[in-house]
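One letter stands for each residue in the lines below.
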Amino acid sequence: MRRNSLVVRLLAVAALSASVAACRQDMHDTPRYEPLEATTFFANGAASRQLVANTVARGQLNEDRHLFEGVVDGKPADTFPMPVTAAVMARGQERFDVFCSPCHGRTGVGNGMIVQRGFRQPPSFHDARLRNAPVGYYFDVITHGFGAMQDYSTQVPVADRWAIAAYIRALQASRAATVDDVPADRRADLARPAGERREQEAR
Ligand code: HEC
């Protein structure tokens, strides 16, 4: 009788420790498939299922070609896909100075610091060819790069690419502008140093 109960107790302890060990094993090697892991469960041997055809992740339906590719009727767009406001221009200026001016220079002539240190000199944005290029072309160059220039599609989101294109238009216009292009109530500002003007605008 005593002997039997000892055996029962020993078995119970053995069973318990076995289950604890199994549990630990599970924690080390979770029973799930890693991405791209093989399986015998599905006929094609892949644990990850194919997406249903034409599935689009939420927020990724980029079907507006004007906005997402800078293309209208199969050609580089001549128009912006959004209203060009003062806020868009300010954003464009700031992003241009961050991402483009290191090579293209603050004014777009192509004399940025990286160029001064030996990188290939880009053409000036004030050359007739680029002045006449449609805005969609700028969007495309930022999105896909051009020759020696890498693309900026990962660093610069779509809306910012358009804002930068708008600001480049302003840089180009500034070269050919006359006093008549400046609104009458802002002409007095032209006489003041640029630093002072920027300070006032920042306020
Ligand atoms: C690291 C330097 C560098 C940076 C940063 C850079 N570019 Fe360029 N870019 C170049 C060079 C170099 C070329 C000329 C490439 C060639 O002809 O092979 C060029 C060419 C261009 C052209 C002219 C394409 C043509 O038709 O000749 C445009 C437009 C342009 N860049 C826009 C931009 C914009 C907008 C940005 C910022 C988002 C930017 N680049 C950032 C180096 C740069």
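These figures come from a predicted structure and were not determined experimentally. (Residues numbered from 1 in each chain as written. Predicted model: local features only at pLDDT ≥ 70, side-chain atom pairs only at ≥ 80, totals over all residues. Heavy atoms only, no water.)

(A) Expanded view of the nonpolar core. Formed by 14 residues in total, the largest nonpolar core has its most connected members in Phe 96, Phe 125, Tyr 138, Ile 142, Val 156, Ile 164 and Ile 168. Of all the elements in the fold, those that place two or more residues in this core are helix H7 (135-144) and helix H8 (158-176). Considering each element in turn, this core owes the most residues, 5 residues, to H8. Residue contacts for Tyr 138: discarding those within four places in its chain leaves Phe 125, Leu 130, Arg 131, Ala 133, Ala 165, Ile 168, Arg 169 and Gln 172. (Core = buried A, V, L, I, M, F, W, Y, C linked by side-chain atoms within 4.5 Å. Buried < 20%, exposed > 50% of the residue type's maximum accessible area, 1.4 Å probe, protein only. Helix = DSSP H or I, 4+ residues; strand = E, 2+ residues; numbered from the N terminus. Contact = heavy atoms within 4.5 Å.)

(B) Structural context of the site of the ligand. The full set close to the ligand counts 22 residues, and Cys 100, Cys 103, His 104, Tyr 137 and Met 149 are the nearest of them. In the model, an oxygen atom of the ligand is placed 2.7 Å from a nitrogen or oxygen of the Arg 129 side chain. Contact between the ligand and Ala 148: an oxygen atom at 2.8 Å from a main-chain N or O atom of the residue. Contributing elements (two or more residues each) for the shell around the ligand: helix H4 (101-104), helix H6 (128-131), H7 and H8. Considering every element that reaches the shell around the ligand, the biggest residue donor is H7, with 4 residues. (Near = heavy atom within 4 Å. Polar contact = N/O pair within 3.5 Å; in protein donor to acceptor, adjacent residues only side chain to side chain.)

(C) Looking closely at the coordination of the iron atom of the ligand. Protein-derived ligands of the iron atom of the ligand are His 104 (NE2) and Met 149 (SD), with the metal-ligand distances lying across 2.0 to 2.1 Å. Taken together, the 6 donor atoms coordinating the iron atom of the ligand span angles of 85 to 178° at the metal, a pattern that classifies the geometry as octahedral. Of this pair, His 104 sits in helix H4 while Met 149 sits in the loop between H7 and H8, and the two are 45 residues apart along the sequence. Looking at His 104, the relative accessible area reads 10%, which means it is buried. Overall, the relative accessible area of 26% leaves Met 149 in the partly exposed class. (Donors = N, O, S within 2.8 Å, 3.2 Å for Na, K, Ca; no water. Tetrahedral: all angles 85-135°; square planar, octahedral: opposite > 155°, others 65-115°.)

(D) Structural context of the side chain of Asp 189. Mapping Asp 189 onto the fold places it in the loop between H8 and helix H9 (194-202). Looking at Asp 189, its side chain comes within polar contact range of the side chain of Arg 186, at 2.7 Å.

(E) Expanded view of the packing of aromatic side chains. One pass over the full model with this rule turns up 8 aromatic pairs. With a centroid separation of 6.3 Å and 65° between ring planes, the pair formed by Phe 99 and Tyr 152 is classed as edge-to-face. Residue Phe 99 is found in helix H3 (residues 86-99), and its partner Tyr 152 is found in the loop between H7 and H8; the two are separated by 53 residues along the sequence. The class for Tyr 152 is buried, based on a relative accessible area of 18%. Relative to Tyr 138, the ring of Tyr 137 has its centre 6.3 Å away and its plane inclined at 80°; by these criteria the two rings are edge-to-face. Classification of Tyr 138 as buried rests on a relative accessible area of 6%. Across from the ring centre of Phe 42, 3.5 Å away, lies the NZ or CZ of Arg 49, which sits over that ring. (Phe/Tyr/Trp six-rings, centres within 6.5 Å; stacked < 30°, edge-to-face > 60°. Lys NZ or Arg CZ within 6 Å of the ring centre and 35° of its normal.)

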